[in-house]
Amino acid sequence: MPDMSASVSLAMTHLVPLAKEVDENKVTPGVLGFIVFAAMALAVWALMKSMSKHMGKVDFKEPADADADSAESSADSEARQS
């Protein structure tokens, strides 16, 4: 693995002057915070899209035969218990 210390020190020399301009008493999330937030927003959007697609496949109506069969079987069981 290449030595990253040279590139890190070069990046720090360019970023330090930018950090001097920022108020030291103020904390901001910065670019990393935005990237994390954007990634989470994209993940939630993808999950919602997937959920919508899967919910579209669900059939909420029960077959009419199942209702009639269950009603008849419950009536028969009540008649036998009496």
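Residues numbered from 1 in each chain as written. Predicted model: local features only at pLDDT ≥ 70, side-chain atom pairs only at ≥ 80, totals over all residues. Heavy atoms only, no water.

A. View of the overall build of the chain. Per the secondary structure count, the chain includes 3 helices and 0 strands. Helices and strands appear in the chain in the N-to-C order α-α-α. Relative to its 82 residues, the chain shows a buried fraction of 0%. For the chain, the computed accessible surface area is about 7,900 Å², with 67% contributed by carbon and sulfur atoms. (Helix = DSSP H or I, 4+ residues; strand = E, 2+ residues; numbered from the N terminus. Buried < 20%, exposed > 50% of the residue type's maximum accessible area, 1.4 Å probe, protein only. Areas by Shrake-Rupley, 256 points an atom, 1.4 Å probe, with all protein chains shown as cover.)

B. Inspection of a nonpolar patch on the surface at higher detail. Taken together, the side chains of Val44, Met48, Met51, Met55, Val58 and Phe60 present a nonpolar region at the surface, about 610 Å² in accessible area. Within the secondary structure, Met55 sits in helix α2 (residues 30–57). According to the relative accessible area criterion, Met55 is partly exposed, its value standing at 44%. (Patch = residues over 30% accessible without salt bridge, like charges linked within 9 Å, V, L, I, M, F, W, Y side chains within 5 Å. Salt bridge = Lys/Arg side-chain N within 4 Å of Asp/Glu carboxyl O.)

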